[in-house]
Amino acid sequence: MYAELYCQSNYSFLQGASHPEELVYEAARLGYQSIAITDECSMAGVVKAYTAIKEHRLPIQLIVGSLLHIDNQLSLIALCPNRRAYAELCRVISNARRRAAKNHYAISQWDLASLKQCLIIWLPSPQNEDDSWGIWLKKRHGNRLWIGATRHLQNRDHQYISSAQHLSKKLDIPLTACGGVLMHCAQRLPLQHVLSARRLGTTIDKAGRQLLSNAERCLRPVAKLKRLFPSELLQESLNIANRCRFDLSELRYEYPTEIIPPHHTAISYLRDRVAEGCNKRFGKCPPEDISRTIEKELALIEELDYAHFFLTIDDIVQFARRNNILYQGRGSAANSVVCYCLEITAVDPRHIEALFERFISKERCEPPDIDVDFEHQRREEVIQYIYQKYGRERAALAATVISYRFKSALKDVGKTLGFSETQVNFFTQNIDTRDKYHSWQEQLMTLGVNRDAQASQHLIRLTQELMGFPRHLSQHVGGFVISRGPLYELVPIENAAMAERTVIQWDKDDLESLGLLKVDVLALGMLSAIRKTLELIKTHHHQNLSLAQITAQMNDQNVYADMHKADTVGVFQIESRAQMTMLPRLKPRTYYDLVIQIAIVRPGPIKGGMVTPYLNRRQGLETPSYPSATLKKVLQRTLGVPIFQEQVIKLAMVAAGFTGGEADQLRRAMGSWGKSGKLLAFRDKLVRGMIARGYQEAFAEQLFEQILGFGEYGFPESHSASFALLAYASAWLKHYYPAAFYCALLNSQPMGFYSASQLCQDAQRHDCPILPVCVNHSQFDHTLEATERGLGVRLGFCQVKGFSPQDGDTLVTQRKRPFTQIQQIAELGLDHTSLNALASANAFACFKDNRYKARWALMEQRRSGLFSEPSRSTLNTEPGIKDELLEDYQSLGLSLELHPIELLESEGLLDAFTHAADLRQCRHGAVVAVAGVVTGRQRPGTAGGITFMTLEDHTGNSNVIVWAATASAQKKAFYASRLLFIKGTVEHAEGVTHVIAGKLTDISHCLEKLNSRSRDFH
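Along each chain, residue indices are assigned from 1 in the same order as the chain's sequence is written. Local features in this predicted model are restricted to residues whose pLDDT is 70 or higher, and side-chain atom pairs enter the listing and the counts only when it is 80 or higher, whereas totals over whole chains, interfaces and linings include all residues. The basis for every side-chain value is the complete set of non-hydrogen atoms in the structure, without hydrogens or water.

K.L.:
It is not clear to me how the overall build of the chain should be interpreted in this structure. Could you clarify?
P.N.:
Helix and strand counts for the chain come out as 44 helices and 23 strands. Based on C-alpha atoms, the radius of gyration is set beside the globule rule, defined as 2.2 Å times the residue count to the power 0.38. Taking 1018 residues into account, the globule formula puts the C-alpha radius of gyration at 31 Å, and the chain, at 33 Å, falls close to it. The C-alpha extent of the chain, read off along each of the three principal axes, is 95 × 85 × 65 Å. For the chain, buried positions account for 58% of its 1018 residues. The protein chains shown are the only cover counted for residues, whose accessible areas, like all others here, come from Shrake-Rupley with a 1.4 Å probe. Total accessible area on the chain stands at roughly 43100 Å², and carbon and sulfur atoms take up 49% of it. In this tally Asp and Glu are treated as negative and Lys and Arg as positive; neither His nor the chain ends contributes. Note on charges: their place is set at NZ of Lys, CZ of Arg, CG of Asp or CD of Glu. The centroid of the 117 positive side-chain charges in the chain is displaced by 3 Å from the centroid of its 108 negative side-chain charges. By definition, any uninterrupted DSSP run of H or I lasting at least four residues is a helix, any uninterrupted run of E lasting at least two residues is a strand, and each is numbered from the N terminus. Here's how the labels work: a residue is buried when its accessible area is under 20% of the maximum for its type, exposed when over 50%, partly exposed in between, all with a 1.4 Å probe on protein chains only.

K.L.:
Looking at this structure, I do not really get the nonpolar core. What am I missing?
P.N.:
Generally speaking, soluble globular proteins have nonpolar side chains that are buried together. What is meant by a nonpolar core is a set of buried Ala, Val, Leu, Ile, Met, Phe, Trp, Tyr and Cys residues, joined one to another through side-chain atoms within 4.5 Å. Within the largest apolar cluster, 135 residues are counted, with the highest numbers of intra-cluster contacts made by Tyr86, Trp122, Leu248, Leu270, Phe310, Phe480 and Trp506. Residue contributions to this core peak at 9 residues, all from helix H13 (residues 307-322). With 97 residues, the next largest nonpolar core counts Leu524, Leu527, Leu746 and Met751 among its residues.

K.L.:
Where do I start with the pairing of strand E6 (residues 145-149) in this structure?
P.N.:
Along a regular strand, successive side chains alternate from one face of the sheet to the other. Summarising burial for E6: 5 of the 5 residues are buried, a large majority. Residue alternation in E6 divides its side chains into two sets, Leu145, Ile147 and Ala149 and Trp146 and Gly148, and both sets are buried. As paired strands, strand E5 (residues 119-122) and E6 are joined by 3 bridges and run parallel to one another. Each bridged residue has a counterpart across the sheet, and for Ile120 the counterpart in E6 is Leu145. The pairing criterion is simple: DSSP has to find at least two bridges between the two strands. In the sheet, E6 pairs with strand E7 (residues 175-177) via 3 bridges, with the strands oriented parallel. Following the sheet pairing, Ala149 is matched in E7 by Ala177. Running through helix H6 (residues 157-171), the crossover from E6 to the neighbouring parallel element E7 is right-handed. When the strands point away from the viewer, a crossover counts as right-handed if the route from the first strand across the helix to the second turns clockwise.

K.L.:
Would you explain the UniProt feature "domain: Polymerase/histidinol phosphatase N-terminal" (unreviewed entry) in the chain in this entry?
P.N.:
UniProt positions are given in the numbering used here, feature names are shortened, and annotations may be inferred rather than shown by experiment. With numbering aligned to this structure, UniProt lists the feature "domain: Polymerase/histidinol phosphatase N-terminal" (unreviewed entry) at residues 3-72. A distance of 27 Å separates the end C-alpha atoms of residues 3-72, which is 30% helix and 23% strand.

K.L.:
Please clarify how the sheet that holds strand E16 (residues 783-787) should be interpreted in this entry.
P.N.:
Note: strands within a sheet are paired through backbone hydrogen bonds, in either parallel or antiparallel orientation. Read across the sheet, 3 strands follow the order E15-E17-E16 without closing on themselves; strand pairing throughout is mixed. Either end of the sheet is taken by a strand with one partner, and the two such strands are strand E15 (770-771) and E16. Pairing of E16 with strand E17 (residues 790-794), which is carried by 5 bridges, proceeds in the antiparallel orientation. Along E17, the bridge assignment pairs Leu784 with Val793. Residues count as neighbours in contact if any of their non-hydrogen atoms are within 4.5 Å of one another. Note on definitions: angles span 0 to 180 degrees between N-to-C directions of axes, and those axes are lines fitted to C-alpha atoms, for helices only across the stretch in contact. Running at roughly 10° to E17, helix H35 (residues 738-747) makes contact with E16 and E17 of the sheet.

K.L.:
Please clarify how the state of the cysteines should be interpreted in this entry.
P.N.:
Disulfide: a covalent bond connecting the sulfur atoms of a pair of cysteines. The term disulfide is used for any two cysteine sulfur atoms that are within 2.5 Å. What the rule picks out here adds up to 0 disulfides. Cysteine Cys278 shares no disulfide, and the gap to the nearest cysteine sulfur, in Cys341, comes to 4.6 Å.

K.L.:
Got a minute to help me understand the packing of helix H34 (residues 717-736) against H35 in this structure?
P.N.:
Packed helix pairs are specified by the crossing angle of their axes together with the interaxial distance, meaning the distance between the axes. Remark: H34 packs on H35, axes separated minimally by 5 Å, with the N-to-C direction vectors making an angle of 125°. With respect to each other, H34 and H35 are oriented oblique. Between H34 and H35, the residues in contact are Ser730, Leu733, Lys734, His735 and Tyr736 and Pro738, Phe741 and Tyr742, respectively. Under the scheme applied here, ten amino acids are nonpolar (Ala, Val, Leu, Ile, Met, Phe, Trp, Tyr, Cys and Pro), four are charged (Asp, Glu, Lys and Arg), and all others, including Gly, are polar. Taken together, the residues that form the contact of H34 with H35 break down as 5 nonpolar, 2 polar and 1 charged. These descriptions rest on fixed angle ranges, namely under 35 degrees for roughly parallel, over 145 for roughly antiparallel, 65 to 115 for roughly perpendicular, and the rest for oblique.

Structure below.
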């Protein structure tokens, strides 16, 4: 037997060449008693190893530890024999990481001296004969100190072992065997070389002796270790392992308590808060079923001791309300009446089929998932409130593991193998990983790579191996971990790349595995846009509207009529190409229709084959059928077709006898389907349970196939219900207050699917004037301004590329009255870059005819500051229409005067084509040509390789379908074009018009300098 005490996973970034899971699987297979995961100054990989051992019941003990270096002087392993040792090691790692920049750490001697519980394995360097560190360590760690001896079959192995034995006798420090493991098997050596060369910033050829000389730093059979080490050293590894009794399951989360007033317990205060909210939501006499549901929820919350969790979220949303920050709870919180009473969510559970078991269950034994979206431009206020309230010692963001994907893996492997940067970039730019018919390996062969060359084979194999490896830790989008005591005693904390942010070393999956609390403080651009719209309405229309007022009824048929026409540019959740295609078919008329609309355009219902049956039944082409009255209760609202994840869970409960907890396990398996295949384990239980309750086997099998379709893509009704509120509100604001809505959208960029250019064009099509940037009328942000045609949007200085906010403040502040000449503005002390940016944006048009003259005047102004005699020369050249257009796009990203396609058409540079607005009048199946600026390419995973492309001309958008074969045969035009001319056929179906692409012609050269960007494959 043997215990491996020195083992680094790939969470020792660019060092370890195996996943933590691979290491524990292999160690168990080899018959090891124990294995320590000792990543460098990190605990990032230990939970992955712990989870693998727990889920697969591996017969091996996991030891938690870390490798620590002090500069190049001292290396050691710290192991955790108990909970106190774990806490102090987390503290030391946190201190070391917090005092250094991201991805670095700085261990001090004081840190090591403060380790009073950890077991220490000193790793003396073979070249270092100085025993001063050994004396220092012996004095402070006594009988908790060992010398680690490694055997890697190098030329000085015997000399090294002799030196270690000499140190052991001289300093009276016992020796133990350890492997210095970097990979689970010898076959990973080439990948370890790639990682090392990448870390060294060189190629494998040039790295030479800096790389491992053999594969001995892998997990090796016990029989081989017995030949390499004296038996007493192997036995000592077991002795050390036997002292390590700490298990990650011992970690217990302690909730913050300062939010609970004196003379209250957590549950008593929660009951008071819920009663207060219930009175506000339902009145003094709430319906009896609501009262029963509240009591049921509170009883379970008390039993599972989650009251602190709810109060923590309640405190955060109270802060948002006090500061007029719009927020919206979503996710499974919409299944809870308690959350509705606490105003965490705005979704009335009576409007949906609430499923509390999805929110909390006894069997799951973990905190519920509550996501709260805040205005994306004000979320930082909420984040800083949390930091200020709890301190950085008790609050930090969860980590997100950034992993190698195809492009990053190919680039890193290619560079270390000696491929030039030009070659590697050529490969990544011309390989389409979304191509379902040609693997990236096959595509690589078509790009001039020699299939038989050894370097090519290495490139393919090592890229494949590296994909999925962690690259570094980043911060979660908003998942906070908050604790009663110091958080660094639970998990190490380190600096994030963003200033004023700290992150723990575990991601959301790790937290879920250990049952630890995570509060999701997320950002949503539409909330910012809605708040700004409401403020503009109050200022310009003198109406004090609220989101609650707008969504009180949600039955305005004028709003739904816009949706039927797919007039939803800028509208939350239903603005995508796929949603716009579905809207004329589904024709939502109520709030619940909108809930279905949002959920049905998802891979789950599409893959499960549920879309067509639902639409047919909605249109009266099919009659809904229900195998039983019980199932009718679950499926009646969606016409007998399961659309939502909650319905699938309920079906398992009522039709197959699943308990609430078992049904939630089914939900989890659906979430990991495609990664773990766990869903298949539920097949027999589901089918047998349904047959036992009188259902036909064929129906049971059909239901399971639908569940498989939902795997990983099922959309919860609670999510959709939350989103539908904002979708309706944004559609209502667009319909009744378009100018305010567009202005707010522009001021909330970046967000949504559409660029400022597309939003401005949509506004103009809705008869909303868009006014140009002007030094005499613009503010820094976009504003509303009265025109002869009603309120219009005046573009702000924020739209001008290269114009700084500071200079914007100066210009607006100093503009006591309208400027009459450029000299007045030049004398304000604005940066030359900002002045030139204003000239490029034609912001001086109020007193200069064109951009050229404005620039000339600025140069004259600067010249007059250098010479006493002003120049008498003048500029007579005027920009042409094409120049104006190109500079509009270059400086503003849009043009209010002329669309690129309109210009090319007027100059006779395009063959005859059909305008987007005229496509509806074309005969179904007619051959047409369309032209436009490419604004988007989308290829959903459910589309079978089809790409949906959007072309924009001066009359609107053309929706183009590009088959996979068409795209593959015309790659350059398909991927690289900014302006595209397409010949194809028109198709009309249920109010939706598409062009099926045939010939693609890249016409970008006609406006070579046009600065336009498309939203591709999001």
